[in-house]
Each structure stands twice: as C-alpha cells, then as structure tokens.
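The primary structure of each chain is shown beneath.
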4 protein chains.
Amino acid sequence: MRKIVADLHAELVRYNLVVWTAGNVSGRVPGEDLFVIKPSGVSYDELTPENMVVCDLDGNLVEGGHAPSSDTAAHAYVYRNMPEVGGVVHTHSTYASAWAARGEAIPCVLTAMADEFGGEIPIGPFALIGDDSIGQGIVETLKGHRSKAVLMQNHGVFSIGKDAKAAVKAAVMCEDVARTVHVARQLGDPLPIAQADIDSLYDRYQNVYGQRSPR
Amino acid sequence: MRKIVADLHAELVRYNLVVWTAGNVSGRVPGEDLFVIKPSGVSYDELTPENMVVCDLDGNLVEGGHAPSSDTAAHAYVYRNMPEVGGVVHTHSTYASAWAARGEAIPCVLTAMADEFGGEIPIGPFALIGDDSIGQGIVETLKGHRSKAVLMQNHGVFSIGKDAKAAVKAAVMCEDVARTVHVARQLGDPLPIAQADIDSLYDRYQNVYGQRSPR
Amino acid sequence: MRKIVADLHAELVRYNLVVWTAGNVSGRVPGEDLFVIKPSGVSYDELTPENMVVCDLDGNLVEGGHAPSSDTAAHAYVYRNMPEVGGVVHTHSTYASAWAARGEAIPCVLTAMADEFGGEIPIGPFALIGDDSIGQGIVETLKGHRSKAVLMQNHGVFSIGKDAKAAVKAAVMCEDVARTVHVARQLGDPLPIAQADIDSLYDRYQNVYGQRSPR
Amino acid sequence: MRKIVADLHAELVRYNLVVWTAGNVSGRVPGEDLFVIKPSGVSYDELTPENMVVCDLDGNLVEGGHAPSSDTAAHAYVYRNMPEVGGVVHTHSTYASAWAARGEAIPCVLTAMADEFGGEIPIGPFALIGDDSIGQGIVETLKGHRSKAVLMQNHGVFSIGKDAKAAVKAAVMCEDVARTVHVARQLGDPLPIAQADIDSLYDRYQNVYGQRSPR
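This one's a predicted model, so the numbers in the text were calculated from it and none came from an experiment.

Reading guide: rules and limits
- Residues numbered from 1 in each chain as written.
- Chains lettered and ligands numbered in written order.
- Predicted model: local features only at pLDDT ≥ 70, side-chain atom pairs only at ≥ 80, totals over all residues.
- Heavy atoms only, no water.
- Pairing = 2+ DSSP bridges.
- Helix = DSSP H or I, 4+ residues; strand = E, 2+ residues; numbered from the N terminus.
- Phe/Tyr/Trp six-rings, centres within 6.5 Å; stacked < 30°, edge-to-face > 60°.
- Lys NZ or Arg CZ within 6 Å of the ring centre and 35° of its normal.
- Contact = heavy atoms within 4.5 Å.
- Buried area = accessible area lost by both parts, 1.4 Å probe.
- Salt bridge = Lys/Arg side-chain N within 4 Å of Asp/Glu carboxyl O.
- Polar contact = N/O pair within 3.5 Å; in protein donor to acceptor, adjacent residues only side chain to side chain.
- Nonpolar A, V, L, I, M, F, W, Y, C, P; charged D, E, K, R; others polar.

**Q** I'm lost on the pairing of strand β3 (residues 53-56) of chain D in this one. Help?
**A** Successive residues of a regular strand alternate their side chains across the two faces of the sheet. Residue and element names in this part refer to chain D. Relative to β3, strand β2 (residues 34-37) runs antiparallel, the two sharing four bridges. The residue bridging phenylalanine 35 from the neighbouring strand is cysteine 55, located in β3. With two bridges joining them, β3 and strand β4 (residues 61-63) adopt antiparallel strand pairing. Within the sheet, the bridge partner assigned to valine 54 lies in β4 and is glutamate 63. What sits between the antiparallel neighbours β3 and β4 is a turn of four residues, in which glycine 59 has the positive phi angle 85 degrees.

**Q** It is not clear to me how the sheet that holds strand β7 (residues 149-152) of chain C should be interpreted in this structure. Could you clarify?
**A** By way of backbone hydrogen bonds, the strands of a sheet pair with one another, either parallel or antiparallel. All names here are of chain C. Pairing is mixed across the open sheet formed by eight strands, whose spatial order is β4-β3-β2-β1-β5-β8-β7-β6. Looking at the sheet topology across the chains shown, the edges are occupied by β4 (61-63) and β6 (123-124). In this sheet, strand β8 (residues 156-161) lies alongside strand β5 (residues 87-91) in antiparallel orientation, the contact comprising five bridges. Bridge pairing in β8 links threonine 91 to valine 157.

**Q** Explain the packing of aromatic side chains to me, please; I cannot follow it from the model alone.
**A** Inspection of every chain in the model, using the stated rule, returns eight aromatic pairs over all chains. Between tryptophan 20 of chain C and tyrosine 15 of chain D, the aromatic rings sit 6.4 Å apart at their centres with planes inclined by 40 degrees, giving tilted as the arrangement. In this pair, tryptophan 20 of chain C sits in the loop between α1 (2-14) and β1 (23-28) while tyrosine 15 of chain D sits in the loop between α1 (2-14) and β1 (23-28), so the two residues belong to two different chains. When the ring of phenylalanine 35 of chain C is compared with that of tyrosine 79 of chain C, the centres are 4.8 Å apart and the planes differ by 35 degrees; the resulting orientation is tilted. One end of the pair, phenylalanine 35 of chain C, is in strand β2 (residues 34-37); the other, tyrosine 79 of chain C, is in helix α2 (residues 72-81), and 44 residues separate them in sequence. The positively charged end of lysine 38 of chain D is found above the aromatic ring belonging to tyrosine 44 of chain D, 5.4 Å away from the centroid. When the ring centre of tryptophan 99 of chain D is taken as reference, the NZ or CZ atom of arginine 102 of chain D above it lies at 4.8 Å.

**Q** Before we go on, may I ask you to explain the interface of chain B and chain A in this structure?
**A** In many reports, interface size means the accessible area that the parts give up when they come together. Listed per partner, the contact involves 28 residues of chain B and 34 residues of chain A. Regarding the contact of chain B and chain A, the summed buried area is about 2,900 Å², with carbon and sulfur atoms giving 61% of it. Put simply, chain B and chain A have one salt bridge between them. Here aspartate 45 of chain B and arginine 14 of chain A are joined by a salt bridge, their closest N and O atoms 2.8 Å apart. Summed over the shared surface of chain B and chain A, the result is nine residue pairs in polar contact (both at pLDDT 80 or more). A per-class count over the side of chain B that touches chain A returns 10 nonpolar, 14 polar and four charged.

Here you go:
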C-alpha cells in the first residue's frame with residue numbers, strides 16, 4: 001500500500017498537477033481504519049514506500065518518521081465520513097484552481113466529462129485549514145453527487161475514488177476537462193449536452209465499462 | 001504491424017495529445033480485413049507489440065488477451081467505409097476539443113494548415129458511443145473532404161491517413177494548428193488566406209512533396 | 001554552497017521558469033560577506049559546483065573562472081541591504097512577467113498565495129540595468145512587505161528567501177500563482193479572500209508549519 | 001559543422017518550438033559558399049551529423065543522401081543576400097505564429113526584448129513557397145532592422161544570427177517574448193518602454209556584453 005501511494009505521486013508530476021510539494025495522495029489500508037499519506041515537505045523525487053506515513057482515521061500519526069501532509073485532517077475526515085472512498089487526492093492544478101478562484105462549477109460540455117463525472121464538477125465552500133472545515137466542505141459537496149472531484153473555493157481540487165489510483169485518475173481528468181472547457185470558453189460559449197445524453201454516457205461508462213476494465 | 005501501432009502511441013504522449021488512457025491509434029493490416037488497435041484500459045507505458053489487439057472490420061476481437069479500445073466500433077466503421085484509409089487516431093487533445101466543444105470548425109489561416117489539411121478542419125455531429133453513430137459522423141464529414149481530421153462535436157478528434165503514421169501526423173498537426181489559431185484569435189482576427197493560395201499550397205504539398213518524402 | 005546553488009538551477013529548468021540562460025540563483029555564504037552566483041552565459045546543462053562564481057557584497061568577482069551573471073549587481077545590492085536574506089533568484093517566467101509588463105500586482109485570491117506570500121505580489125519600479133537601480137527597486141518594494149517576490153515592471157521576477165532554496169521556492173510559487181490567477185481572470189473576476197482569512201493563513205503557514213518543516 | 005547543426009535541432013525540441021518535422025536549422029560553412037541544413041522528412045530523434053545535407057548558396061544539394069529541407073530556398077536566399085548571416089532558423093512556434101496569423105508585430109514591452117531584438121519583432125509579407133518570395137520577404141524585412149527574427153504573415157518565424165547557435169537563440173527568445181507579451185495583452189495593455197530606454201538596453205546588451213560572452 002505504501003508503494004502504491006508513493007508511486008502514484010509520480011502521476012501528479014507527470015500530468016503537471018503539482019509544483020514543489022503542493023499536492024498529495026492517500027489510500028485507505030484495506031480492512032483497517034488506517035490510511036497511507038504523503039509525508040509533509042518531502043519532494044516528489046524523494047518519495048519512497050519507506051517514507052510514506054500511516055495515520056488513523058482521526059489523522060493521528062500511527063507509523064512513519066515524518067509528519068504527515070498538512071492536508072491530512074481533510075483526508076481523514078473524508079475517510080471517516082465516506083466509507084466507500086478508498087483514495088483521496090489534493091492538488092492546486094492550474095485550470096481547476098482557476099475555476100475554484102472564481103467559485104464557478106465546470107459545466108459538462110464534453111463527453112469525457114459525462115463519462116467520468118456524470119455532469120458538472122461542483123464548487124465547495126471557502127474553508128480555512130486547521131480544523132474539519134475543509135473535510136466537511138468536501139463531504140457535503142460530494143456526498144450523493146456523481147462527481148468524484150470538488151473545486152474548493154479559492155483553494156484547489158480534492159478528488160476521491162474507490163482506491164488511490166481511481167482518485168488520481170479523477171484528479172488528472174478534472175484538470176484535463178477544466179483546461180479544455182476553459183479554452184473553449186475563451187472564444188465563445190460551448191454547446192450544451194442534453195441531460196439525457198449525459199445520463200446515458202455516465203451510465204454506460206460506469207456500468208458497461210465498469211464490468212470490465214476502465215477505458 | 002503490432003509494433004508500429006504500439007510505438008506510435010508514444011507520439012500521442014510526446015505531443016501531449018492524451019492523458020491517462022484516453023486516446024488510441026489503429027492500423028489496417030495490409031491485404032487483410034483486419035486492423036490492430038490499442039487494448040482498453042492499458043496505460044501508454046505498458047503498451048507492447050504483444051498486448052495490442054487485432055479486430056476484424058466489424059470490430060470483433062480476433063486476436064489478443066485484452067478487450068479492444070472502447071472506440072473500436074468507430075475505427076472499424078471507418079475502415080469498412082473508407083478503403084483508402086490505413087490508419088485511424090482518436091484523441092481528446094485540448095485545443096482541438098475546445099473548438100469541438102463550441103461546434104466550430106478551425107479556419108485555415110496558417111500555411112501549415114493549407115499544406116496538411118487543404119482548408120478548414122471541419123466539425124462532425126454530436127454522436128453517442130455504443131453503435132455506429134460516431135463512425136458514421138466521421139465518414140460523412142471526411143468523405144470527399146481534403147481534411148484528414150474531424151472535430152466531433154463536444155467530444156474530440158478523429159484523424160485518418162494512408163497508414164497509422166500518417167493518421168498520427170494528422171492528429172499532431174491538428175492539435176498544433178488548433179492551438180495556434182486559438183491563440184491568434186484571442187487577441188483579434190487572423191488574416192484570411194486567399195482560396196487560390198490555399199489550393200496552391202495544398203496541391204504542392206500533396207503532390208510535389210508527395211513524390212518524394214513528407215516534409 | 002557552490003553545489004547547492006548549481007543544483008538549484010535545475011529547479012528553474014524543471015518548472016519552466018527560464019529559457020536559454022536567462023535566469024539565475026545566488027546564495028549567501030554563511031558567516032561571510034560573500035555570495036555564490038551563476039556564471040554569465042553558461043547554459044543550465046553545463047552548470048557545475050566548479051564553474052559557479054563567488055562575489056563580494058559589492059558584486060566584485062572574488063573567485064571563479066567566468067564572469068558573474070549580468071544580474072550580479074542586483075543580487076549584491078539585496079545582500080548588502082537585507083541582512084536577513086540568504087538567497088536571491090531572478091527569472092523572466094512567463095505569467096509573472098506578463099503581470100510585470102502591465103505593471104499590475106497579483107491579487108491574493110488563492111489560499112496558496114496567502115500561505116506563501118501573505119497577500120498580493122507587488123510591482124517594483126521600471127529600472128535599467130547597469131547601476132543599483134534594480135537592486136534599489138527590489139529592496140524598496142520588499143522591505144517590510146510579506147511577499148518574498150517582486151514583479152519588476154516590464155522586466156521579470158526577483159525573489160528572496162532565508163536561503164537559496166527558499167528563494168527558488170518563492171520563484172516557483174510566484175509563477176504558479178501568477179498563472180492560476182491569470183487563467184482565473186480570463187473568464188471573470190476571482191472571488192476575494194477576506195483580509196482576516198489571509199492573515200490567518202499566512203500566520204499559520206509561517207509559524208505553525210515553520211516550526212516543523214515546510215509543507 | 002554538421003554536428004553543430006544536427007545538435008542545435010535538439011534546442012528546438014527542448015523549447016517546444018517544433019512538432020513532427022516542421023522546423024529547421026542551417027549554418028553557413030565558414031569560408032565557403034555552402035551551408036549545412038536539416039534533411040527533409042527526417043524526425044528530430046534521427047538527426048545525426050551524417051544525415052545532415054550540404055547545399056550551395058543557390059540551394060542545390062552538394063552533399064548528402066537525403067533531399068534538403070523544403071525550406072532550403074529561403075535559407076539560401078538569406079545567405080546569398082546577407083553575407084553577415086551565419087545561421088538561419090525556421091519554426092512554426094505557437095505564439096510567434098499566432099502574431100503572424102494576425103499580421104501583427106510584437107511590441108517591445110519587455111526589457112529582454114529590448115536586449116535581444118532592440119525593439120519590436122516585425123511582420124514580413126505573405127509569401128508562397130516554391131520560389132524566392134519567402135527569402136525576399138525575410139531579407140527585405142530584416143535588412144537594416146535590429147530584430148534578428150521576422151514573423152512571416154500566416155506562416156511562422158525565420159530568425160538569423162552570426163552563426164547557427166545565435167539564430168537558434170533568437171528563435172527561442174522570439175517565442176518566449178511572443179508568449180509573454182501575448183499573455184500580458186490578454187488582460188490589458190502592457191506598459192510601453194520609452195524609446196531611449198530601449199536604445200540604451202539594446203546598446204548595452206549588444207556592446208558591453210558582446211565584448212565578453214552572451215548573458
């Protein structure tokens with residue numbers, strides 16, 4: 001599990017979702033009330049299975065030689081309140097954070113968005129770090145929502161998934177569609193996709209493809 | 001053929017046309033009613049000649065241990081209906097997909113576009129995945145058109161070529177001109193190129209250079 | 001110290017803050033009135049601990065086989081007038097330089113900006129190279145300001161830090177927020193963050209996290 | 001000389017000035033009426049000193065197993081008519097080509113532009129490939145102009161230098177300032193730099209620094 005989480009950070013780097021140390025991945029340990037998360041202040045080049053840290057669902061350090069990510073409380077809150085979630089990712093990726101800075105949801109005008117997010121990517125509240133405010137904002141926004149990603153106002157993206165890899169995929173796809181819809185909007189209004197078509201695309205992608213392997 | 005198709009996916013990665021597993025290349029097997037295509041859900045790092053899959057022109061799996069790309073039906077429809085086509089590429093590349101989201105063709109305001117596409121890059125219809133709608137949209141738009149690429153509305157790009165490499169080149173050039181024309185349009189109106197000049201550039205590039213090697 | 005400064009230039013390249021040889025890092029030698037800086041006209045690929053140059057606080061070459069960076073006078077002025085500064089970085093990074101070309105400060109509309117810069121990133125005066133004008137402009141703007149980066153009008157960025165690595169981090173974060181706020185502004189007005197929230201974020205990041213390790 | 005020219009193409013790739021095979025570098029052979037240029041249709045990965053081709057100043061192939069670049073006539077015209085030029089580069093780099101598509105010169109609003117180009121980067125005429133039109137447009141625009149780069153309308157960039165490396169540097173800097181000024185203009189009007197300041201920066205950069213090594 002430590003190796004999986006350590007390695008997945010390379011995807012954040014590969015897709016330019018992070019600079020310096022400002023982004024993190026966590027994964028729930030199957031069958032235990034624990035999760036593995038990035039250590040604080042360690043650069044992506046230096047992440048190894050060994051320096052990953054293990055926390056309980058209150059965000060307390062259980063195992064590891066470094067302090068856990070400063071975003072650990074938000075990850076922990078999600079794991080405590082969304083038992084179906086097995087992975088959480090946080091980034092300040094450029095285009096998604098730009099929508100977040102305006103407090104504007106990304107409208108669903110691409111079939112790839114309908115597939116992955118089932119509609120718009122919503123905005124969560126402005127929340128300060130230091131208590132459960134960010135975690136609450138994530139959970140209130142995503143509970144019962146099709147989207148696996150939320151744009152926290154003036155802040156950045158949190159994404160969730162059945163496991164850490166799925167959460168990373170959601171973070172990657174979120175930035176990709178945030179960028180494409182931004183670029184589309186720069187020169188006019190994107191054409192809407194009918195709700196029935198969005199539903200049909202989402203249903204097919206989650207179910208038909210879900211029975212085999214992800215596209 | 002498997003090796004050629006596997007290797008060409010690296011060009012999609014190199015030119016940032018794809019994220020995660022969301023793009024695919026196929027190539028017709030010369031002299032047979034078969035084509036080689038990317039397996040579904042396999043990342044670009046892991047593509048090898050061995051895990052490529054072979055399909056017949058109805059899109060049925062003929063050979064291979066993985067399910068074929070979820071876009072296989074569209075590739076197959078093109079091969080069935082455009083016998084001159086030897087390669088097909090599909091991407092959601094950012095700038096081309098942004099034009100597609102607005103349902104707007106890319107105007108021919110660059111000599112490189114006149115060379116490669118002979119005019120504008122056209123818009124194809126909105127079509128749902130699951131039957132032949134996407135394939136029909138591609139073929140109806142590109143048959144008899146100079147352009148080797150079509151922007152499928154709210155979706156992404158399909159490009160074709162005499163072989164897989166030519167289709168990849170068309171996908172690369174499509175994103176490149178989509179980006180440059182987008183950037184040009186952000187600050188004003190690009191200057192038009194006279195139709196006679198477009199015709200002259202296209203003719204020269206396809207014929208004079210076609211007799212030797214591509215530029 | 002030479003090795004640290006040489007190696008930190010790779011971060012400027014990694015984050016696309018520089019092209020050709022147009023950016024430089026320096027670091028004060030602890031306990032001495034000296035600093036190490038990039039040699040002039042040497043490409044980033046060729047930087048080694050050995051070809052770094054050492055200057056005194058008037059910018060005179062003390063040790064090294066190459067001329068020091070053409071921006072040495074500005075670095076030296078900062079070290080002479082801001083004893084708490086241990087590192088200085090200069091770049092022409094794209095988005096920050098674009099704000100600088102308009103003479104416009106970057107407003108603090110992202111929590112990451114509040115964390116790192118404690119508010120807006122300010123504009124410094126237009127100043128010609130060749131005397132102390134650039135150094136004076138940097139010091140006048142940053143003295144007593146929370147921001148560790150200044151956008152010199154029509155020119156580029158200078159950033160400072162307690163050591164060379166902290167100054168590089170400020171340069172990286174400056175471009176990152178310059179880009180995100182630019183992108184946000186392209187499609188409307190970013191939402192403001194209340195001053196009390198900015199103060200609270202800055203205080204926490206500089207103090208609570210400062211006592212352990214940087215995020 | 002073949003090795004220098006072959007290797008310099010890697011800089012075009014490194015700075016994202018080219019896609020596929022659409023850009024080329026040439027260098028005059030010192031003391032001879034010859035120049036070395038990229039072969040046509042060979043990808044940048046495959047360029048070696050051995051497959052570079054040598055042409056005379058009329059653009060005729062003198063040595064080499066491949067056809068010379070399709071832009072050879074333009075390079076040759078420049079060498080014939082500007083004896084001080086030792087290197088020529090052609091690209092379709094995105095931002096510079098976007099200014100070219102609008103037929104708009106890049107205004108000098110950055111000190112780095114004043115240093116390198118001494119003022120605006122000018123627009124050359126629309127010209128078709130196939131005779132000396134492009135070469136004439138380059139020479140008419142750049143003769144007696146401080147700028148070492150010209151934006152050929154609806155086409156792309158040609159840059160010149162005392163040698164091939166200087167021409168590559170001009171191509172790299174041209175795209176860099178084209179991008180920064182574009183980004184600046186997206187959100188308002190960049191502040192002008194006084195002509196006297198432009199003159200002073202250009203003079204210093206070309207002369208003071210010219211006597212030592214480039215910055």
